[in-house]
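# Understanding the architecture of this molecule
Below are the chains, spelled out letter by letter.
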Amino acid sequence: MTTTEHTESAVHAGAPLRPASGHSIFAGRQEGIPVVFEKSVKGRRAGKLPALDVPTVDLDEIIPAGERRQELPLPELSELDVVRHFTRLSKRNYSIESEFYPLGSCTMKYNPKIDENVAALPGFRNLHPLQPASTVQGALQVIHDIQRQLAEITGLPGVSTQPVAGAHGELTGILMVRAAHLKQGRMRRKVLIPDSAHGTNPATAAMAGYESITIGHDRITGELDFEDFKSKLDDDCAAIMITLPNTLGLFERRIEEICRLAHEVGCFVYCDGANLNALVGQIRPGDLGVDLLHVNLHKTFAVPHGGGGPGGGAICVAAALEPFLPAPLVVQAPDGSFAYDADRPDSIGRVHSYQGNFNAILRSYAYILQLGKEGLGDLGANAVLNANYMRALLADDFSFYVDRICMHEFVLDGRPFKEFGVRTLDIAKRLIDHGYHPPTIYFPLIAPEAIMIEPTETESKETMDAFANALIAVAHEARTTPSVVQNAPHMTPVGRLDEVRAARQPDLRWQAPVS
Ligand SMILES: *Cc1c(COP(=O)(O)O)cnc(C)c1O
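Right, let's walk through the structure included here. Bear in mind that the values here come from a model prediction, so they are computed numbers and not experimental data.

Turning our attention to the state of the cysteines. Here, disulfide denotes a covalent bond that connects the sulfur atoms of two cysteines. All chains considered together, the criterion is met by zero disulfides. The cysteine Cys406 is free of any disulfide, with Cys106 supplying the nearest cysteine sulfur at 17 Å. What makes Cys406 buried here is its relative accessible area of 3%.

Put into structure tokens, the structure is as follows:
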């Protein structure tokens, strides 16, 4: 965005309103005064460099003349200007450590500080991935132990922590399915995917060379349409990718039957484990008949996320798929030492350099040990309890896409507000004025005007009460003074952005003004 646009979009029409919570992240905004981004003053300096005390080089010899930048017009600022600029920006940032973050499907829960401390221990932090195994026994033990912990939690004995995101775990898993069918002598062509699935599922199927076949859902139960599933299942199906609980926050109650029917035709059941925090310590997907599942370590096991990583997408598989796991795996030798096992002839090979995101693995490991068996059981139970509590608080003022006890999240139906000219996007924007990050909206795609809320297991009753009150206040505004909602947010440094343009022409760098 250019300097001018930034300045102009900061000025809003309409009377600015005070945020109900009084602690809006944007409390620093001065009403009516444009936010001036450009602070450079010619000749201003933050510091002086000492005289050059190393031999100069001839740049012409190193970089061909035509490839060299002639000028580098950097902003000219004092140290204080720079400190204030970045401190101000940091206050505009919204994070789980400042406010409640009810982003359905993304599980924005609190990440305990002890896990950060563990990841920062010099003994781990200063390791190099190319060190010989004999010098990194502690790190290898962490990987080995978390493989076993995840096997225990999911009920699936084969684990690789190499994938670094949920989508990456999916691709790893489906490539393993493909390798297993090729080993049996026949490549299959189709992958079944319910219409409520995350977009990464069909993308994964396509990248692995499959055609995705969509299965509908039951409008009353919110579960996969069982008859549709049965009619599309045949021995050309490599896998069904099923999210558990599904993206409407509902448990697929026929999952065992689905697994049995799939297995009868040699089709694998891939579970998208992004919602595993609803199940941890309660049931194990492997016990239900699922063949493989990825774990979003950054959702379920408290790795900070947002902004694209680094994350963890460990893949857990049933015994029949173990030979195909990525290599190398970390194994324990009979003498108790830990080693890389790269001698795996049926492995699909590497899916990432070294051992994946070791820092994400380490944080998850610390978190699992911190909670222990009992704490992990509470995790799943509280994720579900909190979501149902919040759901009950909202029941008088909102309707639900599926009206049923939920698991760890639920989906509101924004359509009833259309009669007041208010859309789901407007409600989300107005919540910002009340001091909250909006929930996920317009996902899952099957639910029109969806508002998807996941409180997570780490929030207190008081926080959930306050958020529900804010959402109810917005619903009331939508019915009585819709223009306030339609033009929100009113309290932010910038108003509604042209999101399509922001996505198509992202301009994220400071650029010298054209003089
Ligand atoms: C988050 C999510 C994914 C993708 O996981 P990433 O770690 O973002 O790649 C896949 N499926 C579901 C249901 C999700 O919520």
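Moving on, we come to the site of the ligand. Around the ligand sit 13 residues, and of these Ser105, Gly166, Asp272, His298 and Lys299 come closest. Contacts to the ligand include Gly166, whose backbone N or O atom sits 2.7 Å from an oxygen atom. Between the ligand and Asn296, the relevant distance is 3.0 Å, taken from an oxygen atom to a side-chain nitrogen or oxygen of the residue. Considering the ligand on its own, with 380 Å² of exposed area, one finds that the protein chains cover 86% of that surface.

Here the focus is the pattern of salt bridges. According to the stated counting rule, one finds 29 salt bridges in the structure shown. Note that Glu223 and Arg253 form a salt bridge whose closest N and O atoms lie 2.7 Å from each other. Taken together, the residues Glu223 in the loop between strand E3 (211-215) and helix H9 (226-232) and Arg253 in the loop between strand E4 (237-243) and helix H10 (255-264) connect sequence positions 30 residues apart. We classify Glu223 as buried; its relative accessible area is 5%. Arg253 gets classed as exposed once you look at its relative accessible area, which sits at 52%. Via salt bridges that share partners, Lys42, Arg45 and Glu76 belong to a single interconnected network.

Looking now at the side chain of Asp236. Tracing the chain through its elements places Asp236 in the loop between H9 and E4. A relative accessible area of 10% means that Asp236 is categorised as buried. Reaching out from Asp236, the side chain makes a polar contact with the side chain of Arg189 at a distance of 2.8 Å. Asp236 has contacts with Arg186, Arg188, Arg189 and Lys190, leaving out every residue within four places of it along the chain.

Spatially, four strands are ordered E10-E11-E13-E12 in an open sheet, and the strand pairing comes out antiparallel. A single partner strand is all that each edge strand has here, and the edge strands are strand E10 (399-400) and strand E12 (440-441). One ladder, built from two bridges, connects E10 with strand E11 (residues 410-413); its direction is antiparallel. Across the sheet, Phe400 pairs through a bridge with Leu412, a residue of E11. Its contacts with the sheet put helix H13 (residues 358-394) on E10, E11 and strand E13 (450-453), and the angle it makes with E11 is roughly 15 degrees.

Here we take up the nonpolar core. Looking at soluble globular proteins, one finds that nonpolar side chains tend to be buried together. Formed by 61 residues in total, the largest nonpolar core has its most connected members in Leu150, Leu192, Leu224, Phe229, Ile240, Leu293 and Phe301. Those elements that place two or more of their residues in this core are helix H6 (137-154), E3, H9, E4, H10, strand E5 (268-272) and H13. Sorting elements by how many residues they give to this core places H13 first, with ten residues. Setting aside residues up to four positions removed in sequence, Leu192 forms contacts with Ile213, Ile215, Phe229, Lys232, Leu233, Cys237, Ala239, Ile240 and Met241.

This part is about the sheet that holds E4. The strand order across the open sheet formed by seven strands is E1-E7-E6-E5-E4-E2-E3, and the pairing between neighbours is mixed. Sheet topology places strand E1 (158-160) and E3 at the edges, where each strand pairs with a single neighbour. Neighbouring strand axes in the sheet, compared pairwise and without regard to direction, differ in orientation by 20 degrees on average. One ladder, built from three bridges, connects E1 with strand E7 (residues 315-317); its direction is antiparallel. Opposite Val159, over in E7, you have Cys316 as the bridge partner. Strands E4, E5, strand E6 (292-294) and E7 of the sheet are contacted by helix H7 (residues 166-184), whose axis makes an angle of about 175 degrees with E5.

Rules and cut-offs
Residues numbered from 1 in each chain as written. Predicted model: local features only at pLDDT ≥ 70, side-chain atom pairs only at ≥ 80, totals over all residues. Heavy atoms only, no water. Disulfide = S-S within 2.5 Å. Buried < 20%, exposed > 50% of the residue type's maximum accessible area, 1.4 Å probe, protein only. Near = heavy atom within 4 Å. Polar contact = N/O pair within 3.5 Å; in protein donor to acceptor, adjacent residues only side chain to side chain. Areas by Shrake-Rupley, 256 points an atom, 1.4 Å probe, with all protein chains shown as cover. Salt bridge = Lys/Arg side-chain N within 4 Å of Asp/Glu carboxyl O. Helix = DSSP H or I, 4+ residues; strand = E, 2+ residues; numbered from the N terminus. Contact = heavy atoms within 4.5 Å. Pairing = 2+ DSSP bridges. Axes fitted to C-alpha atoms, helices over the stretch in contact; angles between N-to-C directions. Core = buried A, V, L, I, M, F, W, Y, C linked by side-chain atoms within 4.5 Å.

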